[in-house]
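Close look at the chain arrangement
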Amino acid sequence: MNKKNINFNKQELVTVVGLGFVGSAMSVAISTSKNKIGKNNFVVYGLERKNKKGKKLVKKINKGIFPFKNEDSSLEKNLKNSVLNKTLIATTDKKIINKSDVVVIDIEFNIDKKNKDSKQNLNKFIKSISQILFLMKKESLLLIETTIPPGVCENIIHPELNKILKKRNMPKDSICLAFSYERVMPGARYLDSITNFWRVYSGINKKSKLFCRKFLTKIINTKKYPLKELSKITEVETAKILENTYRATNIALIDEWSRFSEMAGIDLYEVINSIKVRPTHNNIMYPGLGVGGYCLPKDPLLAEFSARNIFNSKKIKFPITNMTIDINANSPFEIIKVIKKFFKKNIKDKRIIILGVSYKEDVCDFRNSPTIQFCEKIRRDVSNVFCHDPYIEYEKKNNIIFSSNLSQFKKSDIIIFAVKHSMYQKLDVIKYLRNSKSLIIDTSKIINNSMQKKLKEKKIKVFSLGKGIT
């Protein structure tokens, strides 16, 4: 396929495989892409598995309902328009891949510390890619967005692609292969974080790079956010891992400084704010309950996995990265020590309300939530644990009640602000406390000066991360 043979003037068909938090939003972004005369560039098919969960996702999207609660009104609006205009159709039929010009991969690749050297999930991922490659047509592009260990595309997927092309009697390089990781941020800028943000990409050869660039240019606002091309796919895979490892390490660093600040009786937020004025240090993190979400808890593990399982080397060690993982995994449990110290270990009959379950403010993503990790641990010491989150349906699990209805909870001895949801900014927390001997724990500086003054008048103690008890 020569450059001149790539016809981007026609309305292409794109299949997005996987309709999770990334794939569903990516499908909307692609389906709303228009050319200079206002015509849609693509018809998008969102492909899901034929199981109960997959069918539920497909049904919602085809009704114009975004499958995950969120604060981005533009996402729902654009989804409805795409469904109405038939530029976005969700399906469980794999045959649509046969007709697709571009296939975007947004399926999960999971790894955890307990099984960090297990190849099971990698083999499962490669098997899925192989099945897709057997269905793809000539002169099409396989674009992988899933976060994977560095080296997977070049050392495993590309050789597998060549084998499949040979079996199918198709010319070499007749299917292009590229990688470009997503930076989707659920929340108020959910859709905007796809179309108005920087992208890094690469392809297995020049033709693949060109194909990928042409495709992304039609979706991303490249005038404001130019695409960054790297020479090798492995470099792009590494960029995603290093990017998230850096952020996770930043968070872990603040965890230990929070302990110091609490001991010294200083306000770490004020300290950090004084540092942030320096442009070179403006991304230093604030204290928090812990690390959650899909990426940060697992992505740092992928570098060592890659060294051992892709490049067959056990010489490369990751001491700082592994320490980061351990610190962040234990971070939520530091609060338990605070509670036990305040109540002199007598906490069995205490009642706790935890405000915020999702891993991030104003999103409904509960994956790897530090709140849930905290709940599972504190439940061993406390009988009554209640969790509130505006984005969660009622659920009872391991004698812990999760609900969006705060009024159903009785007054408690301990209230923990775990996530900085907007609704908590104006919450009159006093009416949910049992008495003046109750304790409030603020993990994200949610309590403002006005509320702090009211609590002080009631002689209610507040423990703030990075500050201590006031």
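Given the structure is predicted, the values throughout are model-derived calculations rather than measurements.

1. Structural notes on the packing of aromatic side chains
This model, assessed by the stated rule, comprises 13 aromatic pairs. Taking the centre distance of 6.3 Å and the plane angle of 70° together, the rings of F109 and F305 count as edge-to-face. Separated by 196 residues along the polypeptide, F109 in the loop between strand 4 (102-105) and helix 4 (120-133) and F305 in helix 10 (residues 301-309) bring together distant segments of the chain. Given the relative accessible area of 2%, F109 is considered buried. Owing to a relative accessible area of 1%, F305 belongs among the buried residues under this scheme. Seen from their ring centres, Y269 and Y286 are 5.1 Å apart, and the 20° between their planes marks the pair as stacked. With Y269 in helix 9 (residues 268-276) and Y286 in the loop between helix 9 and helix 10, this pair connects stretches of sequence that are 17 residues apart.

2. Quick look at the pattern of salt bridges
Inspection of every chain in the model, using the stated rule, returns 17 salt bridges. The partner of K340 in a salt bridge is D381, with the nearest N and O atoms 3.5 Å apart. Here the residue K340 occupies a position in helix 12 (residues 334-342), and D381 occupies one in the loop between helix 13 (370-378) and strand 10 (384-388), the gap between them amounting to 41 residues. A relative accessible area of 25% means that D381 is categorised as partly exposed.

3. Examining the environment of V28
Checked against the element boundaries, V28 lands in helix 1 (residues 21-31). The class of V28 is buried, set by a relative accessible area of 1%. The spatial distance from the C-alpha of V28 to the C-alpha of L433 is 44 Å, given a sequence separation of 405 residues. When neighbours within four sequence positions are excluded, V28 is seen to be in contact with L75, N78, L79, S82, L88 and L191.

Here is what the cut-offs are and how they apply
Residues numbered from 1 in each chain as written. Predicted model: local features only at pLDDT ≥ 70, side-chain atom pairs only at ≥ 80, totals over all residues. Heavy atoms only, no water. Phe/Tyr/Trp six-rings, centres within 6.5 Å; stacked < 30°, edge-to-face > 60°. Helix = DSSP H or I, 4+ residues; strand = E, 2+ residues; numbered from the N terminus. Buried < 20%, exposed > 50% of the residue type's maximum accessible area, 1.4 Å probe, protein only. Salt bridge = Lys/Arg side-chain N within 4 Å of Asp/Glu carboxyl O. Contact = heavy atoms within 4.5 Å.

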